[in-house]
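Reading the structure
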Amino acid sequence: MTLPDSAYTQLTDDTRICRILNGLWQVSGTHGEINENAAIQEMMTYHQAGFTTWDLADHYGPAEDFIGKFRKNLKGENIQAFTKWVPRPGLRVSSQIVEDAVKTSMSRMGVDQLDMLQVHWWDYRDSGYLSALKTLAMMVLSGKIRHLGLTNFDTLHIKNLMDNGLRVVSNQVQFSIIDNRPEIAMIPYFEQSGIKILAYGTLAGGLLTDKYLDTPEPTREQLNTASLRKYKPMIDKWGGWELFQTLLSTLRKIGDKHHVSIANVATRYIMDKSTVAGVIVGARLSIQEHIADNVCVFDLELDDADLAAIDAVKSQAKDLYKIMGDCGQEYR
């Protein structure tokens with residue numbers, strides 16, 4: 001299988017990525033038991049289909065180890081594996097702690113340079129993130145890291161980083177049809193500064209799919225993965241299950257028109273937003289895969305009527321920016 005050129009974009013001048021990134025939160029142990037051998041074999045299936053970009057983190061269970069073992073099977077073929085550094089809340093960070101964390105990720109992933117390290121910070125009252133990023137910027141200069149990114153930073157604190165001479169290439173944030181917070185302050189700033197968005201939660205953990213069309217509101221017991229438990233409250237804040245069903249019905253009609261799935265429409269809608277370089281779709285390795293369905297996203301073009309229909313539903317929903325604040329505030 002060969003993906004069209006439109007399936008890829010330049011994140012930076014020297015880094016080309018697939019616009020659907022394979023998300024590895026699913027192997028963290030909160031989404032069901034993973035068979036390691038089957039998972040690594042399935043990673044090759046994704047790669048051979050053209051999905052060459054991976055999103056992971058130091059705390060996603062064996063995700064970094066999986067990448068390291070997977071690379072050994074590639075025989076020099078190019079992939080992009082973007083990991084994260086997520087220091088525990090309250091940790092007093094020193095340069096040595098930062099350097100050790102990078103070396104651990106490099107060792108687990110079997111590389112002498114990280115493609116990108118994305119930084120999360122729990123408490124902005126602790127300005128240690130500035131010194132941590134200065135240390136990481138030095139590791140970019142020394143060749144240990146190719147690019148620096150962020151995850152779940154808000155616009156104000158990204159501006160603070162930039163004002164302190166610390167440049168990043170991307171910020172990973174929740175962005176979906178029901179969560180448009182990046183459009184309020186972040187995208188206008190990113191259009192000026194050249195920073196890109198890597199969007200996650202675009203399918204609301206699987207809720208924005210055909211599976212949940214015309215279904216009763218799930219009970220807590222039926223929300224049997226960390227993703228479902230994370231994103232169902234977002235729907236509650238946004239407008240509730242009845243309005244969500246209206247949205248799914250609208251997306252199904254658009255999907256019928258273009259012969260694609262609800263997930264395809266939801267993904268394409270966010271992929272077309274300004275400054276969005278890629279959308280992260282969870283890969284449930286050894287459990288379930290959606291490669292063939294994901295391919296359909298790249299041939300889908302939403303027209304003005306499609307966008308108007310989606311916006312008509314969204315106009316009935318609550319403003320999550322007013323309720324929750326800017327991107328990432330749910331983590332603080």
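In case you missed it, the structure is sitting above this.
Residues numbered from 1 in each chain as written. Predicted model: local features only at pLDDT ≥ 70, side-chain atom pairs only at ≥ 80, totals over all residues. Heavy atoms only, no water.

Considerations on the overall build of the chain
Threshold: Note on conventions: DSSP H or I runs of at least 4 residues are helices, E runs of at least 2 residues are strands, and numbering of each starts at the N terminus. Two things to know: the radius of gyration comes from C-alpha atoms, and the globule rule equals 2.2 Å times the number of residues to the power 0.38. Here the term buried applies to any residue with accessible area under 20% of the maximum for its type, exposed to any over 50%, and partly exposed to those in between, with areas from a 1.4 Å probe on protein chains only. It only takes one pair of heavy atoms within 4.5 Å for two residues to be counted as in contact.
Of the regular secondary structure elements, the chain holds twelve helices and ten strands. Over its C-alpha atoms the chain spans a radius of gyration of 19 Å, differing by no more than 12% from the 20 Å that the globule rule assigns to 332 residues. In terms of overall dimensions, the chain has C-alpha extents of about 55 × 45 × 40 Å along its principal axes. Within the chain, the proportion of its 332 residues that are buried is 57%. In the chain, the proportion of contacts linking residues at least 24 apart, taken out of those at least 6 apart, comes to 79%.

Re the state of the cysteines
Worth spelling out the cut-off: Here, the term disulfide refers to a pair of cysteine sulfur atoms separated by no more than 2.5 Å.
The tally for this structure, following the rule as stated, stands at zero disulfides. Unpaired in this structure, Cys18 has its nearest cysteine sulfur neighbour in Cys296, at a distance of 14 Å. The exposure class of Cys18 is buried, given its relative accessible area of 0%.

Describing the sheet that holds strand β5 (residues 80-85)
The condition is simple: A strand pair is defined by DSSP finding two or more bridges across the two strands. Fitted lines through C-alpha atoms give the axes, limited to the stretch in contact for helices. The angle between two N-to-C directions lies from 0 to 180 degrees.
The sheet built from eight strands closes into a barrel, its strands ordered β3-β4-β5-β6-β7-β8-β9-β10 with parallel pairing. Ignoring which end each strand starts from, the neighbouring axes of this sheet average 30° apart. The sheet contact formed by β5 and strand β6 (residues 114-119) spans four bridges and is parallel. Counterpart to Phe82 in the pairing with β6 is Met116. Strand contacts of helix α9 (residues 262-271): β3 (20-23), β9 (196-200) and β10 (276-282), with the helix running at about 150° to β10, the strand carrying the most contacts.

A word on the packing of aromatic side chains
Inclusion rule: Centre distance within 6.5 Å is the pairing criterion for rings of Phe, Tyr and Trp, where only the six-membered ring of Trp is used; planes under 30 degrees apart are then read as stacked, over 60 as edge-to-face, and the remainder as tilted.
Throughout the structure, instances matching the rule amount to ten aromatic pairs. For the ring pair Tyr212 and Trp241, a centre distance of 6.5 Å and an interplane angle of 85° mean the geometry is edge-to-face. Of this pair, Tyr212 sits in the loop between β9 and α7 (226-238) while Trp241 sits in helix α8 (residues 240-258), and the two are 29 residues apart along the sequence. When sorted by exposure, Tyr212 lands in the same class as Trp241, which is buried. Through a chain of ring-to-ring contacts, three or more aromatic side chains come together here, namely Trp121, Tyr124, Tyr129 and Phe153.

Considerations on the layout of surface pockets
Let me state the cut-off plainly: Residues are said to line a cavity or pocket when one of their atoms sits within 4 Å of a point; the points come from a 1 Å grid over protein atoms alone, cavities being sets where a 1.4 Å probe fits but cannot get out and pockets being open sets with protein on both sides within 12 Å along at least five of seven lines. Grid points are joined across faces, edges and corners, and a volume is the space filled by probe spheres set on the points. Any residue that is not Ala, Val, Leu, Ile, Met, Phe, Trp, Tyr, Cys, Pro, Asp, Glu, Lys or Arg is counted as polar, Gly included; the first ten are nonpolar and the last four charged.
Roughly 1100 Å³ of volume is contained in the largest pocket. Contributing to the lining of the largest pocket are 48 residues, with Gln26, Gly205, Gly206, Ser227 and Gly282 lying nearest its centre. By volume, the second largest pocket is sized at about 200 Å³. Surrounding the second largest pocket, 13 residues form its lining, His147, Leu148, Arg167, Val168 and Val169 being those nearest its centre. Listing elements by their share of the lining of the second largest pocket, those giving two or more residues are β1 (8-12), α4 (128-141) and β7 (145-151). For the lining of the second largest pocket, the element with the most residues is β7, which contributes three residues. Among the residues making up the lining of the second largest pocket, the classes are represented as seven nonpolar, three polar and three charged.

Considerations on the side chain of Asp306
Under the convention used in this document: Under the rule applied, a polar contact is a pair of N or O atoms within 3.5 Å (in protein, one hydrogen donor and one hydrogen acceptor; residues adjacent in sequence only if both atoms are side-chain atoms).
Take Asp306: it is sitting in helix α11 (residues 304-314). Looking at Asp306, the relative accessible area reads 2%, which means it is buried. Separated by 2.7 Å, the side chains of Asp306 and His258 make a polar contact. Those residues in contact with Asp306 that lie beyond four places of it in its chain are Ile254, Lys257, His258 and Glu301.

Details of the environment of Arg220
Structurally, Arg220 can be placed in the loop between β9 and α7. Look at Arg220 and you get exposed, because its relative accessible area is 63%. It is 9.3 Å that separates the C-alpha atoms of Arg220 and Lys232, two residues lying twelve residues apart in sequence.

Quick notes on empty space enclosed by the protein
Counted according to the given criterion, the structure contains one cavity of 30 Å³ or more. Looking at the largest cavity, its volume works out to about 40 Å³. Every residue lining the largest cavity is listed: Asp58, Lys84, Trp85, Val98, Ala101, Val102, Ser105, Leu117 and Leu136. For the lining of the largest cavity, the elements supplying multiple residues, two or more each, are β5 and α3 (95-109). Tallying contributions element by element places α3 first for the lining of the largest cavity, with four residues. Looking at the lining of the largest cavity residue by residue, the classes come out as six nonpolar, one polar and two charged.

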